[in-house]
Amino acid sequence: MEISVCIAAYNGYDYIANQIQTILPQLGPRDELIIVDDCSSDNTVDVIKSIKDPRLVLVKNAINLGHVRTFEKAIRMATKEIIVLSDQDDLWPLDRIKEIKSAFMASNASVVVGNLQEFTSSTDNRMCFGRNMQLDPRQSFQLIANLAGIVLGRRPYYGSAMAFTSKLKTILLPFPAYVESHDIYIAMAGIIHGGIFHLGKCVTYRRIHCSNLTPLKRRKIAIVFKSRFRLIRSMLTLLLVRPDGGATHIRKSQS
């Protein structure tokens, strides 16, 4: 079972080297780490280039595409059986890949999602741990409960703790133009097409800092309603997509 790790990078100079150093030791000789840089204005690309490893593939966007399209590009490039998503500023626990492989073999799921442990770095580089975001393994493969949990905001499905089979790419790609959270869309696709498995172990240490992409503050109610509408639209899209990835009349994407 070979692995493609996908990272969308943007101005990650401060943290991306540390993240890569927690990823590469877990990969086999035939695995790959694909990083797509989304027109960083700092020295992110130089840092990545300084890491000499034949498994690391770096691609630079010609124009800024945003994180959803950049992750889509990285996923398209992935050539291995299992695709593992990663943020540029987190850290991986030692046995993440081992745990993910075991979960796929034991469950035969399309998507495996683990738990998150938030942390901040102190001035002497110690890890100060915060919230522990957990999924209940007993709720794996529950289609209605998990889809409802997404709409209600009760399922912490984070891309940085997610992996899925390459077979799911025919259903996922291209991401519809209205998708604002690629990780939630992938989770829904897994729930509907093949099942999602909740790995009851921490697979990502999520770094909290002032530049986190995921909002830390409560959003306005109008924005929440708009987001929920897009989630329901995404569910309908995925429910109408054939298992072979055939398009439906409501499936749209942007080039």
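Residues numbered from 1 in each chain as written. Predicted model: local features only at pLDDT ≥ 70, side-chain atom pairs only at ≥ 80, totals over all residues. Heavy atoms only, no water.

Undergrad: Looking at this model, I keep getting lost on the pairing of strand 3 (residues 56-60). Mind explaining?
TA: Walk down a regular strand and you will see the side chains alternate between the two sheet faces. Of the pairings in the sheet, the one linking strand 2 (residues 32-37) to strand 3 comprises 5 bridges and is parallel in character. By the bridge assignment, Ile34 is partnered in strand 3 with Val57. The β-α-β motif built from strand 2, the intervening helix 2 (residues 44-49) and the parallel element strand 3 has right-handed crossover chirality. (Pairing = 2+ DSSP bridges. Helix = DSSP H or I, 4+ residues; strand = E, 2+ residues; numbered from the N terminus. Right-handed = clockwise from strand over helix to strand, strands pointing away.)

Undergrad: Mind showing me how you'd approach the pattern of salt bridges here?
TA: Charged atoms that come close allow side chains of opposite charge to pair. Summed over all chains, the structure comprises 9 salt bridges. A salt bridge links Arg76 to Glu72; its shortest N-O distance comes to 3.5 Å. Separated by 4 residues within a single helix, Arg76 and Glu72 lie in helix 3 (residues 67-77), roughly one turn from each other. The class of Arg76 is partly exposed, set by a relative accessible area of 48%. Exposure remark for Glu72: the relative accessible area of 7% places this residue in the buried category. One salt bridge in this structure joins Arg138 and Asp136, with 2.9 Å as the shortest N-O distance. For Arg138, a relative accessible area of 70% corresponds to the exposed category. Taken together, the shared-partner salt bridges in this structure form one network comprising Glu2, Arg30 and Lys80. (Salt bridge = Lys/Arg side-chain N within 4 Å of Asp/Glu carboxyl O. Buried < 20%, exposed > 50% of the residue type's maximum accessible area, 1.4 Å probe, protein only.)

Undergrad: In this structure, what is going on with the confidence of the model for the protein chain? I would like to understand it.
TA: Where the model shows low pLDDT, its predicted coordinates should not be examined in detail. When pLDDT is averaged across the protein chain, the result is 89; 86% of the residues are at 70 or more. Note that pLDDT drops below 50 for residues 248-255; the model gives that stretch 21 contacts with residues more than four away or on any other chain. (pLDDT = per-residue confidence, 0-100. Contact = heavy atoms within 4.5 Å.)

Undergrad: How do you make sense of the packing of helix 5 (residues 143-151) against helix 7 (residues 182-192) when you look at a structure like this?
TA: The description of two helices packed together rests on the angle between their axes and the distance between the axes. Look at helix 5 against helix 7: their axes get within 10 Å of each other, and the N-to-C directions meet at 165°. One way to sum up the angle between helix 5 and helix 7 is to call them roughly antiparallel. Where helix 5 crosses over helix 7, the two elements pack in a sense that is left-handed. Where helix 5 approaches helix 7, its residues Leu143, Asn146, Leu147 and Ile150 are matched on the opposing element by Ile184, Ala187, Met188, Ile191 and Ile192. Here the contact of helix 5 with helix 7 is built from residues that sort into 8 nonpolar, 1 polar and no charged. (Axes fitted to C-alpha atoms, helices over the stretch in contact; angles between N-to-C directions. Parallel < 35°, antiparallel > 145°, perpendicular 65-115°, else oblique. Left-handed = near helix turned anticlockwise from the far one by under 90°. Nonpolar A, V, L, I, M, F, W, Y, C, P; charged D, E, K, R; others polar.)

Undergrad: Would you mind going over the packing of aromatic side chains with me for this structure?
TA: When we look at a pair of aromatic rings, we describe it by the centre distance and by the angle of the planes. A complete count under the given rule lists 1 aromatic pair for this structure. On the numbers, 5.9 Å between centres and 90° between planes, the contact of Phe175 with Tyr185 is edge-to-face. Here Phe175 is found in the loop between helix 6 (169-172) and helix 7, whereas its partner Tyr185 is found in helix 7, with 10 residues between them in sequence. By relative accessible area, Phe175 is classed as buried at 0%. For Tyr185, a relative accessible area of 1% translates into the label buried. (Phe/Tyr/Trp six-rings, centres within 6.5 Å; stacked < 30°, edge-to-face > 60°.)

Undergrad: Looking at this structure, how should I read the environment of Leu199?
TA: As for its placement among the helices and strands, Leu199 is situated in strand 8 (residues 196-207). With relative accessibility at 7%, the residue Leu199 sits in the buried group. The sequence separation of Leu199 and Val113 amounts to 86 residues, and the corresponding C-alpha distance is 5.8 Å. Once residues lying within four places of it in the same chain are set aside, the contact partners of Leu199 are Glu99, Ile100, Ala103, Val112, Val113, Gly114 and Asn115.

Undergrad: Which parts of the structure should I look at to understand the environment of Leu147?
TA: Mapped onto the secondary structure, Leu147 falls in helix 5. Take Leu147: its relative accessible area is 9%, and that puts it in the buried class. Along the primary structure Leu147 and Met188 are separated by 41 residues, whereas in three dimensions their C-alpha atoms are 6.8 Å apart. Setting aside residues up to four positions removed in sequence, Leu147 forms contacts with Met188, Ile191, Ile192 and Met235.

Undergrad: Explanation requested: a nonpolar patch on the surface in the structure shown.
TA: Taken together, the side chains of Ile232, Leu236, Leu239 and Leu240 define a hydrophobic patch exposed on the protein surface, amounting to about 360 Å² of accessible area. Residue placement: Leu239 occurs in helix 8 (residues 221-240). (Patch = residues over 30% accessible without salt bridge, like charges linked within 9 Å, V, L, I, M, F, W, Y side chains within 5 Å. Areas by Shrake-Rupley, 256 points an atom, 1.4 Å probe, with all protein chains shown as cover.)

Undergrad: Sorry, what's going on with helix 1 (residues 16-23) here?
TA: Taken as a whole, helix 1 has its buried residues at Ile16, Gln19, Ile20 and Ile23. Summarising the axial view, the buried residues of helix 1 lie within an arc of 100°, below the 170-degree limit, and thus occupy one face. Of the surrounding secondary structure, the elements contacted by the buried residues of helix 1 are strand 1 (3-9), strand 2, helix 2, strand 3 and strand 4 (82-86). (Arc of directions from axis to C-beta.)

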